[in-house]
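Read off the chains here:
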Amino acid sequence: MIPAENPAILSVSISNGMTVEIRLGLKEVRIGRSKEADLLLPDPSVSRIHARIFRVGDQYFLSDSSRNGTYVDGKRISQVQLEGGFSFRIGPYHILFSREGRSHSSSEPPTVIPGSGSEPSPRVDRKAAEIISTTALDILGNSHIIKQLISGIRKVAASDFPVLIEGETGSGKELVSRGIHEKSPRKDGPFVVVNCGAISPELMESELFGHEKGAFTGATTQRRGAFEIAHGGTIFLDEIGELPLRLQPKLLRALEQKEIKRVGGNETILVDVRILAATNRNLKKEVAGKNFRDDLYFRISTITLAVPPLRDRRGDILPIAMHFLADVASRTHRPIPELTAPAAELLASHDWPGNVRELRNAIQRSVVMCDGPSLTPRDFTFLLPADSATAEGVADPTLSRWEQSEKTNILAELSRQKGNKTQTARELGIAKSTLFEKLKKYGIRKPE
């Protein structure tokens, strides 16, 4: 197990598709819009040095020094002690303070899945949940393939080379990137996440490299981009296969020369960042199809890590499900439901096309909607392929079991989102263009 160091983390969404995380230590952290700020929030409503976070013993405190104020639950504060899960607002930004390694619940997940009657239930041993501690979630598993992944994370974390993380949607690519950052020499620097599939192509260059005042319509102030914000830390480029072709040479230059220019600017700015990238696309095929530059591909894939789909490590499904059960029960302030043996068998046999994200959502939904103290197969009927047969006629015999399961998952999410494709793609954790490809593949036709 990679041991947890119980760090304190500040995380904030800077824009649609980009988030920043900063690890807290003994040093005071300044929050504001000036270049001197450790956490830069580019908005006119934010003061140059708006607030400070400092440490006394093992406790952290937030102190406001701004004109417009720092708010907690709608009330302006001057100074407050921070606890895990504490959030506050500065201008338009909501900032979360978290302490990794401290349980959200006083009760530990049970080691045995309770069954029905006197029949023996499947056992989930504590050793079956080997954990990579990251800034927000844990990757659990004791399968051989996960142990290999953990070993790979340990090895690549010590270097400073780019890493390409490959895997299906929901398999945990961002968690792997966080694990690499947290175990690297850059762990005290910023961790900036840029979702290339969630940012419009017109704004992508500004998000990555920043812009000067007046560079384009709406650029009313100078703004630093992800590379400048991540200086001294790590950038995680999620869904890098969605990056427009016209920007790929500029990204390549930033990687090779370690320098950028803001949009509309002439100044060359040196940046020291490590690049981690992820994709659920086959970039080799994208290169062959001239949709992705081969020189950029070779640069970002110096080291490649493959995150296995959940169906390839079925022995990890129940330990992960138990982890989510305990977490959801804690957050809903209710006892941990019993997972009956038939329900456990159903979860273990499902193909999980949405991987760990789908499993988490399934557990959350079942716990919230269940009527009794136990979870039975009836609480997971939304996972059954009968839904797809009802919605689209009979199941397609040309599809594999996994493809049919993926189609069912997409149909179910489309139904929950009332046909809203943008929200469906967001909930599934994929780019909208990827969703359209899958809708075409499976012949799913829904009204706009």
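Quick caveat: nothing in here was measured; it's all calculated off a predicted structure.

(A) Structural context of the nonpolar core. Ranked by internal contacts, the top residues of the largest apolar core, which has 59 residues, are Leu41, Phe88, Phe227 and Leu237. Excluding residues within four positions of it along the chain, Phe227 makes contact with Leu208, Phe209, Ile235, Leu251, Ala254, Ile260, Val271, Val273 and Ile275. With 26 residues, the next largest nonpolar core counts Ala343, Val356, Leu359 and Cys370 among its residues.

(B) View of the pattern of salt bridges. Counting across every chain of the model gives 25 salt bridges. One salt bridge connects Arg331 with Asp327, and the closest N-O pair in it is separated by 3.1 Å. Taken together, the residues span about one helical turn, with Arg331 and Asp327 both in helix H8 (residues 317-331) at a distance of 4 residues. A network of salt bridges, in which partner residues are shared, links Glu242, Arg281, Glu286 and Glu437.

(C) Structural view of helix H5 (residues 248-257). Buried within H5 are the following residues: Gln248, Leu251, Leu252, Ala254 and Leu255. Viewed end-on, H5 has its buried residues packed into an arc of 160°, placing them on one side of the element. Summarising the contacts, the buried residues of H5 are in contact with helix H3 (201-209), helix H4 (226-229), strand S16 (234-238), strand S17 (259-260), strand S19 (274-279) and helix H7 (294-300). Looking one or two residues beyond H5, the residue adopting positive phi is Lys258, at roughly 55°.

(D) Just the packing of aromatic side chains, in detail. If you walk through the whole model with that rule in mind, you get 6 aromatic pairs. Residues Phe86 and Phe88 carry aromatic rings whose centres are separated by 6.5 Å and whose planes lie at 40° to one another, so their mutual orientation is tilted. When its relative accessible area of 17% is taken as the criterion, Phe86 is described as buried. Here Arg365 stacks its cationic end above the ring of Phe382, 4.1 Å away from the centre of that ring.

(E) A look at the confidence of the model for the chain. A residue-level look at the chain finds 86% of positions with pLDDT of 70 or above and a mean pLDDT of 82. Across residues 1-5, where pLDDT falls below 50, the model places 15 contacts with residues more than four positions away in sequence or in other chains. When the criterion is pLDDT under 50, residues 101-137 qualifies, and its contacts beyond four places in sequence or with other chains add up to 87 contacts.

(F) H8, seen in detail. The end-to-end C-alpha distance of H8, which contains 15 residues, comes to 21 Å, matching closely the 21 Å that a straight helix rising 1.5 Å per residue would cover. Burial analysis of H8 places 12 of its 15 residues in the buried class, the great majority of the element. Those residues of H8 lying buried are Ile317, Leu318, Pro319, Ile320, Ala321, Met322, Phe324, Leu325, Ala326, Val328, Ala329 and Ser330. His333 occupies a position one or two residues after H8 and carries a positive phi of about 55°.

(G) Up close: the packing of helix H13 (residues 421-428) against helix H14 (residues 432-441). Close contact between H13 and H14 brings their axes to 9 Å; oriented N to C, the two are set at 100°. As far as their axial angle goes, H14 and H13 are roughly perpendicular. Only Lys432, Leu435, Phe436 and Leu439 of H14 make contact with H13, whose side of the interface consists of Lys421, Thr422, Thr424, Ala425 and Leu428. By residue class, the composition of the contact of H13 with H14 is 5 nonpolar, 2 polar and 2 charged.

Cut-off values and rules
- Starting from 1, residues in each chain are numbered consecutively following that chain's sequence as written.
- Only residues with pLDDT of at least 70 are given local features in this predicted model, and only at 80 or more are side-chain atom pairs given and counted; all residues enter the totals for whole chains, interfaces and linings.
- To get the side-chain values, all heavy atoms of the structure are used, and hydrogens and water are removed first.
- Here the nonpolar core consists of buried residues drawn from Ala, Val, Leu, Ile, Met, Phe, Trp, Tyr and Cys, with membership extended through side-chain atoms lying within 4.5 Å.
- Accessibility here uses a 1.4 Å probe with only protein chains present; expressed as a share of the type maximum, an area under 20% marks a residue as buried, one over 50% as exposed, and anything in between as partly exposed.
- Any pair of residues with heavy atoms lying within 4.5 Å of one another is described as a contacting pair.
- Salt bridges, as used here, are contacts in which a Lys or Arg side-chain nitrogen is within 4 Å of a carboxyl oxygen on Asp or Glu.
- In this description a helix means any DSSP run of H or I spanning at least four residues, a strand means any run of E spanning at least two, and both kinds are numbered starting from the N terminus.
- By construction, the arc corresponds to the directions joining the helix axis to the C-beta atoms.
- Each Phe, Tyr or Trp ring (for Trp, its six-membered ring) is paired with any other whose centre lies within 6.5 Å, and the angle between the two planes then decides the class: stacked below 30 degrees, edge-to-face above 60, tilted in between.
- Both a distance and an angle decide whether a charge sits over a ring: NZ of Lys or CZ of Arg must be within 6 Å of the ring centre and within 35 degrees of the ring normal.
- Known as pLDDT, the predictor's per-residue confidence is scaled from 0 to 100.
- What a helix should span is 1.5 Å times the count of its residues minus one.
- For helices, the fitted axis covers only the stretch in contact; all axes are lines through C-alpha atoms, and the angles between them, taken along N-to-C directions, range from 0 to 180 degrees.
- Throughout, the term roughly parallel applies to angles under 35 degrees, roughly antiparallel to angles over 145, roughly perpendicular to angles from 65 to 115, and oblique to all others.
- Under the grouping applied here, Gly and all other residues not named as nonpolar or charged are polar, the nonpolar ones being Ala, Val, Leu, Ile, Met, Phe, Trp, Tyr, Cys and Pro and the charged ones Asp, Glu, Lys and Arg.

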